[in-house]
Amino acid sequence: MPEPERPERPERPERPEGPGGYDPVGPRPGEAMSPTGQGGIMDLALQEAESVEGVAVAEESGPAGAAGAAASREKARSLWSDAWHQLRRNPVFIVSALIILFLVVISIWPQLIASGDPLRCDLSKSQQGSAPGHPFGYDTQGCDVYTRTVYGARASITVGICATVGAALLGSVLGGLAGFFGGWGDSLLSRVADIFFGIPVVLGGLVFLSVVTSTTVWPVVGFIVLLGWPQLARIARGSVITAKQNDYVQAARALGAGNGRMLLRHVAPNAVAPVIVVATIALGTYISLEATLSFLGVGLRPPTVSWGIDISNAATQIRNAPHMLLWPAGALSVTVLAFIMLGDAVRDALDPKLR
């Protein structure tokens, strides 16, 4: 009995196959799904399902959800960009920065707001009050108080900035090296710093600056750096000791990175923030220290124009001519307050625990 003829199956189209006859591209015609593997249909379907689910969640949560999803895809900000992002929205930082910017500008170009000569005096106008063109009156020598107040910003700002930069550089280098390498160098630095901490600032200034005859700002800057670096060195030392114990530093050491590379590329960038905060706050302190030493007669000396010198000259005439003391003392107070406020704002921005 003849067997019934079977229908012939359609031939499958030929296409390249992977090693061992495995096809990683997709199912053949008539197949529901290709075998599971990397790049297969099951993986593509899973990715599509996840993307659809993410879109659905974003749509359900509205515009806020969509914005949050877009923000999550942005690159994470670094410590400094995150700090700047917060500082721009801090009114304390904005106000203090504008005041400091104004003070720096008038210290460089005082003639922008004061056209007179601070050393030109007229004894016939001694201790006179406000007059047209001279809103702050005159001092004992008949000099314009307004002009001297404006020009006095140059000496105070110069001393504050130069002393802060010098103390920060010296303290950061010595403290950073001592904290990173440790050993006898760390112990020696700690003992030397303790000696400087035991020297009273005002008494040390009276002894050190009383033998200096220069009328420039550099002896005062050198004295402040000499007594100011131990504080910043101790801050830098502690910050470096904390940073070098982090996992990324240990990983760099395990990969064979040298001490110089680890210190400059991994430790220093993550340990400099506390030094910057302390130095910014100390800048205002150094300005007030210069005024104190000038008031005592051992800091800046005439013919240098300084707020401390003007306050010292006006102290004996506070009853007869209070305006002589009010304006330079007010300018000094505003300047110191601006730098302290700036330091507080920078500290809040760089310290995640205070946010």
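Everything here concerns the structure above.
Summarised in this report is the structure supplied together with it. Note that this is a predicted model, so its numbers are computed, not measured.

## Considering the packing of helix α5 (residues 145–181) against helix α10 (residues 259–295)
Item 1. α10 packs onto α5 with a crossing angle of 145° between their chain directions and a minimal axis gap of 8 Å. Relative to α10, α5 is oriented so that their crossing is right-handed.
Item 2. In the contact of α5 with α10, the residues fall into 17 nonpolar, 5 polar and 1 charged.

## With respect to the pattern of salt bridges
Item 1. All told, the structure shown has 6 salt bridges when counted by the stated rule.
Item 2. Between Asp186 and Arg237 there is a salt bridge; the shortest N-O distance is 2.5 Å. Of this pair, Asp186 sits in helix α6 (residues 183–197) while Arg237 sits in helix α8 (residues 218–243), and the two are 51 residues apart along the sequence.
Item 3. Owing to a relative accessible area of 11%, Asp186 belongs among the buried residues under this scheme.

## Focus on the state of the cysteines
Item 1. One pass over the full model with this rule turns up 1 disulfide.
Item 2. For Cys121, the disulfide goes to Cys143, at an S-S distance of 1.6 Å. Taking the torsion about the S-S bond as the criterion, the Cys121 to Cys143 disulfide, at about 60°, is right-handed. Separated by 22 residues along the polypeptide, Cys121 in the loop between α4 (91–108) and α5 and Cys143 in the loop between α4 and α5 bring together distant segments of the chain.
Item 3. A relative accessible area of 4% means that Cys143 is categorised as buried.

About the cut-offs
Residues numbered from 1 in each chain as written. Predicted model: local features only at pLDDT ≥ 70, side-chain atom pairs only at ≥ 80, totals over all residues. Heavy atoms only, no water. Axes fitted to C-alpha atoms, helices over the stretch in contact; angles between N-to-C directions. Helix = DSSP H or I, 4+ residues; strand = E, 2+ residues; numbered from the N terminus. Left-handed = near helix turned anticlockwise from the far one by under 90°. Nonpolar A, V, L, I, M, F, W, Y, C, P; charged D, E, K, R; others polar. Salt bridge = Lys/Arg side-chain N within 4 Å of Asp/Glu carboxyl O. Buried < 20%, exposed > 50% of the residue type's maximum accessible area, 1.4 Å probe, protein only. Disulfide = S-S within 2.5 Å.

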